[in-house]
Amino acid sequence: MKIAKAGSSASSWAPAENFTGRVRRDPLVAPESPGRAVAGCVTFEPGARTAWHTHPAGQILIITAGKGWVQREGGPREEVTPGDSVWFDANEKHWHGATDKTAMTHIAVTEFIEGEAADWLEHVSDADYDYNG
Ligand code: MN
């Protein structure tokens with residue numbers, strides 16, 4: 001057993017290559033073999049979001065603060081709030097982030113397959129982000 005104390009890992013800014021806006025990442029626990037799941041806390045400022053991406057083993061999100069938007073390719077943009085959890089299927093193209101006016105924080109649980117936890121694609125355009133069809 002290992003306890004990772006709060007604040008024991010440095011925060012980092014998510015890279016502009018794969019995110020839009022200001023996104024802070026706070027690591028929670030890292031996997032040790034044969035475990036493969038990593039958990040981290042991610043905070044999106046208003047307007048901030050991931051790029052489109054997929055996860056080879058899927059992903060769980062647990063919304064812990066604020067109000068955010070999530071969308072899978074071909075589906076509507078959907079609102080999420082604290083207490084909501086989200087599952088993305090393996091290789092399902094999607095994005096997640098804050099709303100345009102409110103920050104959002106989620107815990108993300110993601111498994112690695114052969115060293116990869118995400119495949120990054122194009123940024124979410126302002127038109128796609130704003131579209132509420
Ligand atoms: Mn994801």
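Please refer to the structure placed before this passage.
First, a word on scope: everything that follows refers to the structure included in this document. Every value quoted in this text rests on a predicted model; they were computed, and no experiment measured them.

1. Quick word on the overall build of the chain
Here's step 1: Summing up its helical and strand segments, the chain has 1 helix and 13 strands in all.
Here's step 2: Secondary structure elements of the chain occur, N-terminal to C-terminal, as β-β-β-β-β-β-β-β-β-β-β-β-β-α.
Here's step 3: Its C-alpha atoms give the chain a radius of gyration of 14 Å, near enough to 14 Å, the size a compact globule of 133 residues would have.
Here's step 4: In terms of overall dimensions, the chain has a C-alpha envelope of 45 × 30 × 30 Å along the principal axes.
Here's step 5: Burial analysis of the chain (133 residues in total) assigns 38% to the buried set.
Here's step 6: In the chain, of all internal contacts separated by at least 6 residues, the share reaching a separation of at least 24 is 69%.
Here's step 7: Of the roughly 7,500 Å² of accessible surface on the chain, 52% is carried by carbon and sulfur atoms.
Here's step 8: Charge centroids of the chain, computed over 12 positive and 19 negative side chains, lie 7 Å from each other.

2. What to know about the coordination of the manganese ion
Here's step 1: The protein atoms that coordinate the manganese ion are His53 (NE2), His55 (NE2), Gln59 (OE1), His94 (NE2) and His96 (NE2), at distances spanning 2.1 to 2.2 Å.
Here's step 2: All donors of the manganese ion belong to a single chain; written as a sequence motif, their spacing is H-x1-H-x3-Q-x34-H-x1-H. The same class applies to His53 as to Gln59, namely buried.

3. A short note on the pairing of strand β4 (residues 37–44)
Here's step 1: Taking burial as the measure, the 8 residues of β4 include 6 buried ones, the bulk of the element.
Here's step 2: Here strand β3 (residues 23–29) runs beside β4; their pairing, made up of 6 bridges, is antiparallel. The partner of Arg24 across the bridge, within β4, is Thr43.

4. Some details on the environment of His106
Here's step 1: By the element assignment, His106 lies in strand β12 (residues 104–111).
Here's step 2: Its relative accessible area of 1% is what places His106 among the buried residues.
Here's step 3: Here the side chain of His106 touches His96 through a polar contact of 3.0 Å, side chain to side chain.

5. With respect to the nonpolar core
Here's step 1: Of all hydrophobic cores here, the largest spans 15 residues; its most connected members are Val23, Phe44 and Leu61.
Here's step 2: Mapped onto this core, the elements with two or more residues apiece are β4, β7 (59–66), β10 (85–88) and β12.

6. A few points about the environment of Gly75
Here's step 1: Topologically, Gly75 is positioned in the loop between β8 (68–72) and β9 (78–80).
Here's step 2: When the C-alpha atoms of Gly75 and Asn18 are compared, they prove to be 21 Å apart, with 57 residues separating the residues in sequence.

7. Describing the side chain of Thr105
Here's step 1: Note on placement: Thr105 falls in strand β12.
Here's step 2: At a separation of 3.1 Å, a polar atom in the side chain of Thr105 contacts the side chain of Thr43.
Here's step 3: With near-sequence residues (within four places) excluded, Thr105 lies in contact with Cys41, Val42, Thr43, Ile62, Ile63, Thr64 and Ala65.

8. Quick look at a nonpolar patch on the surface
Here's step 1: Judged by side-chain polarity, Ile60, Ile62 and Trp87 come together as a nonpolar surface patch covering roughly 270 Å² of accessible area.
Here's step 2: Note that Trp87 resides in strand β10.
Here's step 3: Among the residues examined, Trp87 registers a relative accessible area of 48% and is labelled partly exposed.

Calculation criteria
- Numbering of residues starts from 1 in every chain and runs along the sequence as written.
- Totals for whole chains, interfaces and linings use every residue, but because this is a predicted model, local features are given only for residues with pLDDT of at least 70 and side-chain atom pairs only at 80 or more, for both listing and counting.
- Values shown for side chains rest on all heavy atoms present in the structure; no hydrogens or waters enter the calculation.
- For the purposes of this entry, the term helix denotes a DSSP run of H or I that reaches at least four residues, the term strand denotes a run of E that reaches at least two, and both are numbered from the N terminus.
- Only the C-alpha atoms count toward the radius of gyration. The rule for a globule is 2.2 Å times the residue count to the power 0.38.
- Per-residue accessibility, obtained with a 1.4 Å probe over protein chains only, is compared with the maximum for each type, and a residue is labelled buried under 20%, exposed over 50%, and partly exposed between these values.
- The contact criterion used is simple: two residues touch if any of their non-hydrogen atoms lie within 4.5 Å.
- To be clear on the numbers: accessible area is Shrake-Rupley with a 1.4 Å probe, and residue cover counts the displayed protein chains and nothing else.
- Positive: Lys, Arg. Negative: Asp, Glu. His and the chain ends are not part of the count.
- The location of each charge is read from NZ of Lys, CZ of Arg, CG of Asp or CD of Glu.
- Atoms are scored as donors when they are N, O or S and lie within 2.8 Å of the metal, with 3.2 Å used for Na, K and Ca; no water is included, so coordination may look incomplete.
- Note: two strands are recorded as paired if DSSP finds a minimum of 2 bridges between them.
- Within 3.5 Å is the distance limit for a polar contact, defined as a pair of N or O atoms, with the added protein rule that one can donate a hydrogen and the other accept it, and that residues adjacent in sequence qualify only through two side-chain atoms.
- Put simply, buried Ala, Val, Leu, Ile, Met, Phe, Trp, Tyr and Cys residues joined by side-chain atoms within 4.5 Å make one nonpolar core.
- Residues enter patches when their relative accessible area tops 30% and they take part in no salt bridge; the joining distance is 9 Å for like charges and 5 Å for the nonpolar side chains Val, Leu, Ile, Met, Phe, Trp and Tyr.
- By definition, a salt bridge exists where a carboxyl oxygen of Asp or Glu is found within 4 Å of a side-chain nitrogen of Lys or Arg.

These values are about where atoms sit, not about what they do.
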